[in-house]
Amino acid sequence: MVEEVQKHSVHTLVFRSLKRTHDMFVADNGKPVPLDEESHKRKMAIKLRNEYGPVLHMPTSKENLKEKVPQSASDSYGHKQYPANQGQEVEYLVTGTHPYPPGPGVALTADTKIQRMPSESAAQSLAVALPASQARADANRPVPAGGEYRHPGASDRSQPAGTVVMEGGNAKNSALMAKKAPTMPKPQWHPPWKLYRVISGHLGWVRCIAVEPGNQWFVTGSADRTIKIWDLASGKLKLSLTGHISTVRGVIVSTRSPYLFSCGEDKQVKCWDLEYNKVIRHYHGHLSAVYGLDLHPTIDVLVTCSRDSTARIWDVRTKASVHTLSGHTNAVATVRCQAAEPQIITGSHDTTIRLWDLVAGKTRVTLTNHKKSVRAVVLHPRHYTFASGSPDNIKQWKFPDGSFIQNLSGHNAIINTLTVNSDGVLVSGADNGTMHLWDWRTGYNFQRVHAAVQPGSLDSESGIFACAFDQSESRLLTAEADKTIKVYKEDDTATEETHPVSWKPEIIKRKRF
């Protein structure tokens, strides 16, 4: 209704003006003054252009006027210009405020009525975002006739709808080019591992294990509340340490001092002096069972994690609690330290992994990709990467920000422990007694082991709680629910011919969740 009123007002104004112009050439006696017809048309065209040019671009009905304007006459916005040669017979068309719609008779809609041209900064940012090949093609494209503006990356208007323009003839840069699905690269061949020794002596589940830096002995902690030290070469018991009043859940041997650290479900964290085989320090502060611990490789700092949903940083010498790492909403099951940032990594039953700032005592990154409890985390000894184990799958991550690398799927069980050697053999041990061995780089599962339980034990006591390589990485030790420690070594007789890699370049799906 408003547009109709505008149209009527404009045409009434033009009509009255033309009438006044005509009256200028009428004599006092009412008879028209004879004028040259060519002069009359010229004066009319000049007056129309000078005085009513701004209103000629308002909408009008198509049945009243027709367009006979040359195609080359257009300004930088696509508006029709008026011919310089006033001698030509021209009937003017009143168009909209924008070159769209392109022809007469097309109704103006909310989408095409008002369209603003992009700002210069917006056009530059769009050009920067284009692929290099597309940007070069736009730069080399000739400017259209009449100075018509075209968005960077927009195809020529002469192209019909649905036509695909291949710029530069490079098929790789085409968005329609079918991308090749990622495939698993051929994995490195690893010899299989075989069981060669079973060590008995504990009276309860063996919950944790650690090898001393000199590779002469190893230590285990058990549900029988004892810590036992074993000779690595012979497997014989050397020493038993008592002091915990509940299950021992974590042990670690210091590389910087003759100390052994242990923690347990009795909320206690102990430091043992191995020269006297006595406890010399206690670290008090956790409000519930302590599930794991780790030593910082370069400074005298101990980190423990607990069922109270926190991890604590301790000064080894002063026994002071430096930081309490709060943020997890359920029990913290595992903790790892490294010299590089982030220096502390925790995994929790709240399904998250947190990377911590040691100095500030605050979370740097929280990884929420796992759907179930994260009970195991392992750091690669050479690469700046780590892996986490959960019942849904094993995930590999890249430091320092926890960028996702890939999933290792197939070990469908509650994964209690992970360990990896410098050769790229990743071992996962599960609650059902199964152990899977993986190639770290490709995620290929090259061996699955399910050792028989100790005679006299129930099949339900088949479970692996902890595993570790010795310092030479030639032996693998597992702590199990049948109260034994099992020792594995590489099969020296195996070759790539006798144990070939059963691998096909299958398409892999690297899901993030």
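Each remark here, short or long, concerns the structure printed above.
Predicted model only: the values in this text are computed from it and were never measured.

Once that is clear, we can look at the overall build of the chain. Assigned secondary structure in the chain consists of 4 helices and 28 strands. Expressed as a percentage of the 513 residues in the chain, the buried residues total 44%. The contacts in the chain between residues at least 6 apart in sequence include a share of 48% that link residues at least 24 apart. When the accessible surface of the chain is summed, it comes to about 28000 Å², and 52% of that surface belongs to carbon and sulfur atoms.

By size, the foremost hydrophobic cluster in this structure holds 14 residues, and its most contacted members are Trp193, Val425, Val427, Met435, Leu437, Leu476 and Tyr488. Breaking this core down by element, the ones donating at least two residues are β23 (425-430), β24 (434-439), β25 (444-450) and β26 (464-469). In this view, Val425 contacts His190, Trp193, Thr419, Val420, Leu437, Trp438, Phe446 and Phe469; residues no more than four positions away in its chain are not counted.

Spatial ordering of the open sheet is given by β22-β23-β24-β25, a layout of 4 strands whose pairing is antiparallel. In this open sheet, the two edge strands, each paired with only one partner strand, are β22 (415-420) and β25. Strand-to-strand twist of the sheet, defined as the mean angle between neighbouring strand axes without regard to direction, takes the value 20 degrees. Pairing of β22 with β23, which is carried by 5 bridges, proceeds in the antiparallel orientation.

This next bit is on the side chain of Thr478. By secondary structure assignment, the location of Thr478 is in strand β27 (residues 475-480). Overall, the relative accessible area of 0% leaves Thr478 in the buried class. Among residues more than four places away in sequence, those in contact with Thr478 are Met435, Ile464, Ala466, Cys467, Thr484, Ile485, Lys486 and Tyr488.

Further remarks concern the pairing of β22. Summarising burial for β22: 6 of the 6 residues are buried, a large majority. Counting the residues between successive antiparallel strands, the hairpin from β22 to β23 contains 4 residues, one of them, Gly424, with a positive phi of roughly 90 degrees.

Each strand in a sheet pairs with its neighbour through backbone hydrogen bonds, running either in the same direction (parallel) or in the opposite one (antiparallel). Judged by pairing direction, the sheet is antiparallel, and its 4 strands sit side by side in the order β1-β28-β27-β26 without closing on themselves. Edge strands, defined here as strands with exactly one partner in the open sheet, are β1 (193-200) and β26. Strand-to-strand twist across the sheet, computed as the mean angle between neighbouring axes with direction ignored, equals 25 degrees. Where β27 and strand β28 (residues 484-490) come together, 5 bridges link them in antiparallel fashion. Residue Arg475 lies in a different strand from β28, and its bridge partner there is Lys489.

In this section: the side chain of Asp491. Mapped onto the fold, Asp491 is located in the segment after β28. At 2.7 Å, the side chain of Asp491 forms a polar contact with the side chain of Thr493. Ignoring sequence-local partners within four residues, the contact set of Asp491 consists of Pro191, Pro192, Lys194 and His499.

As a further point, take the packing of aromatic side chains. Under the criterion given, the structure shown has 10 aromatic pairs. Cluster of aromatic residues (ring-pair linked, three or more members): Tyr384, Phe386, Trp397, Phe399 and Phe404. Sitting over the ring of Phe465, Arg207 keeps its end group 4.2 Å from the ring centre. Sitting over the face of the ring of Tyr196, Lys489 holds its NZ or CZ atom 4.9 Å from the ring centroid.

A word on unusual backbone geometry. With omega at -10 degrees, the peptide bond leading from Glu341 into Pro342 counts as cis. In this fold, Pro342 is placed in the loop between β14 (332-337) and β15 (344-348). In this chain, Phe399 is followed by Pro400 through a cis amide linkage whose omega measures 5 degrees. Along the chain, Pro400 falls in the loop between β20 (394-398) and β21 (403-408). The phi angle at Lys267 is positive, at roughly 70 degrees, despite the residue not being glycine.

This brings us to the pattern of salt bridges. As a working rule, side chains carrying opposite charge can pair if their charged atoms are close by. One pass over the structure, following the stated rule, counts 8 salt bridges. Between Asp300 and Arg256 there is a salt bridge, with its nearest N and O atoms 3.0 Å apart. Note that Asp300 is positioned in the loop between β10 (290-295) and β11 (301-306) and Arg256 in the loop between β6 (248-253) and β7 (259-264), a separation of 44 residues in sequence. Here Lys486 ties to Glu480 by a salt bridge, and the two come within 3.1 Å at their closest N and O atoms. In this pair, the class of Lys486 matches that of Glu480, namely buried. Sharing partners across several salt bridges, the network here consists of Arg256, Asp300 and Arg317.

The rules behind these values
Residues numbered from 1 in each chain as written. Predicted model: local features only at pLDDT ≥ 70, side-chain atom pairs only at ≥ 80, totals over all residues. Heavy atoms only, no water. Helix = DSSP H or I, 4+ residues; strand = E, 2+ residues; numbered from the N terminus. Buried < 20%, exposed > 50% of the residue type's maximum accessible area, 1.4 Å probe, protein only. Contact = heavy atoms within 4.5 Å. Areas by Shrake-Rupley, 256 points an atom, 1.4 Å probe, with all protein chains shown as cover. Core = buried A, V, L, I, M, F, W, Y, C linked by side-chain atoms within 4.5 Å. Pairing = 2+ DSSP bridges. Axes fitted to C-alpha atoms, helices over the stretch in contact; angles between N-to-C directions. Polar contact = N/O pair within 3.5 Å; in protein donor to acceptor, adjacent residues only side chain to side chain. Phe/Tyr/Trp six-rings, centres within 6.5 Å; stacked < 30°, edge-to-face > 60°. Lys NZ or Arg CZ within 6 Å of the ring centre and 35° of its normal. Salt bridge = Lys/Arg side-chain N within 4 Å of Asp/Glu carboxyl O.

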